[in-house]
Amino acid sequence: MTGQLFPLLLLLLVLGFLVGGLHASAGDADPIYRTCVEQCEKTGNVGDMSIPHCLFSSSDEAVNNTWYMQEPLYLQWKQLNCKSDCCYHCMIQRESEREALGLNPVKYHGKWPFKRIFVFQEPASAALSAFNLMMHFVGWLSFFVLVNYKLPLRPHSKRTYYEYTGLWHIYGLLSMNAWFWSTIFHTRDFEMTEKLDYSSAVALLGYSLILSLLRTFDVKDEATRVMFAAPILAFVTTHILFLNFYQLDYGWNMKVCVVMGIIQLLAWAIWAGMKRHPHRFKLWTVVFGVAIAMLLEIYDFSPYGGYVDAHALWHATTIPLTYLWWSFIKSDAEYRTAMLVKKAK
Ligand SMILES: [Zn+2]
């Protein structure tokens, strides 16, 4: 009954995303902003502020000019920071000019203008990402303890009764990896950290899609698992290569992620209803919570007070959902184990 409602709700969500998902950044198209960044990178000045990272000493130049010397790492690091600092200070300057003219904030390079705290570019999102990382670690650890030490093991092989143990371990690792890079990316936004964050997120989403299909279709033998996984794996790999080496297309990536997300939410929700899984209410809460949280990404308001935007709130909502999600995974392991032990007797 409730299972019937989810497809409709989620279909509406997909449509909402496909219409609202494309973001062009008005901020970095602004010629005044562009000129400011160009000037800053050359002179190391924005208004009357100077950017220490953009001031290269004569000894830096000398090293740089030697034909047989690779550009030293610290110089590359300095240039990276110079560009990032210039973009940041030009953005802040441009935004205050725009505010004085009574204009609303606009996005720069796909992101809202945030105020930094120390080195933290988006302090709220960075802290919340770290919190998510911790929640996944705690969830995964308690799952590990449950299946290995609390639940009975198969008498001969000493392996767990639960058939999806290994798959959830990989899921735990990929989740922690994704939140780790999310923390780094929200702390310091460079091209490299951005690509690592996007790639890890896509890898996690693609993998969890495979896992959701394997669990909801009760796929247990290796050959069929490979058959399910191969096309998705091929697609996800191609998509990651496309983002990294061809074009980091935010609009297209958003569509890919939303479609992969919706399919797995649907699979879980319908399966739980059809199988009358004893812990379906936990699962439905997570599915519903994620669907609602995704609305935040659609609504996508500008940062409140310069710190908290829709994206940060989306990272906040996933914290309790992560707890509930691992709780469902553990319940599923207990439920399957109990069934298999009963069958074996
Ligand atoms: Zn994020």
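Residues numbered from 1 in each chain as written. Predicted model: local features only at pLDDT ≥ 70, side-chain atom pairs only at ≥ 80, totals over all residues.

As annotated in an unreviewed UniProt entry, the protein carries the name Post-GPI attachment to proteins factor 3 and comes from Dendrobium nobile. Annotation of the protein in UniProt includes, under Sequence similarities (unreviewed entry), the sentence "Belongs to the PGAP3 family." Under the UniProt heading Function (unreviewed entry), the entry covering the protein gives this text: "Involved in the lipid remodeling steps of GPI-anchor maturation." (UniProt positions renumbered as here; feature names shortened; annotations may be inferred.)

S.K.: How should I be thinking about the nonpolar core in this particular structure?
M.R.: As a rule of thumb, soluble globular proteins bury nonpolar side chains together. Among the nonpolar cores identified, the biggest contains 41 residues, and Phe143, Trp268, Ala269, Leu283, Val287 and Ile329 are the most heavily contacted of them. Broken down by secondary-structure element, the contributors of at least two residues to this core are α5 (123–150), α6 (165–187), α7 (191–216), α8 (222–246), α9 (250–275), α10 (280–299) and α11 (310–344). Sort the elements by how many residues they give to this core and α6 lands first, with 9 residues. With 13 residues, the next largest nonpolar core counts Val37, Cys40, Ile51 and Cys54 among its residues. (Core = buried A, V, L, I, M, F, W, Y, C linked by C-beta atoms within 7 Å. Buried ≥ 20, exposed ≤ 12 C-beta atoms within 10 Å, placed from the backbone. Helix = DSSP H or I, 4+ residues; strand = E, 2+ residues; numbered from the N terminus.)

S.K.: It is not clear to me how the packing of helix α2 (residues 31–43) against helix α4 (residues 73–100) should be interpreted in this structure. Could you clarify?
M.R.: Think of two packed helices as two axes; the pair is described by the angle between the axes and how far apart they sit. At their nearest, the axes of α2 and α4 sit 9 Å apart, and the two run at 140° to each other. The angle between α2 and α4 places the two elements in the oblique class. For the element pair α2 and α4, the recorded crossing hand is right-handed. From α2, Ile32, Tyr33, Cys36, Val37, Cys40 and Glu41 reach across to α4, where they touch Cys82, Lys83, Cys86, Cys87, His89, Cys90, Met91, Gln93 and Arg94. For the contact of α2 with α4, the per-class residue count stands at 10 nonpolar, 2 polar and 3 charged. (Axes fitted to C-alpha atoms, helices over the stretch in contact; angles between N-to-C directions. Parallel < 35°, antiparallel > 145°, perpendicular 65-115°, else oblique. Left-handed = near helix turned anticlockwise from the far one by under 90°. Contact = placed C-beta atoms within 7 Å. Nonpolar A, V, L, I, M, F, W, Y, C, P; charged D, E, K, R; others polar.)

S.K.: Please clarify how unusual backbone geometry should be interpreted in this entry.
M.R.: Keep in mind that most residues, glycine aside, have a negative phi and that most peptide bonds are trans. One non-glycine residue, Asp218, lies in positive phi territory at about 55°. Classification of Asp218 by C-beta neighbours within 10 Å gives exposed; the count is 11.

S.K.: Could you clarify how one ought to interpret the UniProt feature "transmembrane region" (unreviewed entry) in the protein in this entry?
M.R.: With numbering matched to this structure, UniProt assigns "transmembrane region" (unreviewed entry) to residues 126–149, 161–184, 196–214, 226–246, 252–271, 283–299 and 311–329. Split by type, residues 126–149 is 100% helix and 0% strand. Its first and last C-alpha atoms lie 34 Å apart. Across residues 311–329 one finds 100% helix and 0% strand; the C-alpha atoms that close the span lie 26 Å apart.

S.K.: I'm lost on the packing of α7 against α8 in this one. Help?
M.R.: Relative orientation of the contacting elements α7 and α8 amounts to 165°, with a least axis distance of 10 Å. Between α7 and α8, the angle is such that the two are roughly antiparallel. In terms of crossing hand, the pair formed by α7 and α8 is right-handed. Where α7 approaches α8, its residues Lys195, Tyr198, Ser199, Val202, Ala203, Gly206, Leu209, Ile210, Leu213 and Leu214 are matched on the opposing element by Arg225, Phe228, Ala229, Ile232, Val236, His239, Ile240, Leu243 and Asn244. Residue classes in the contact of α7 with α8 are distributed as 13 nonpolar, 4 polar and 2 charged.

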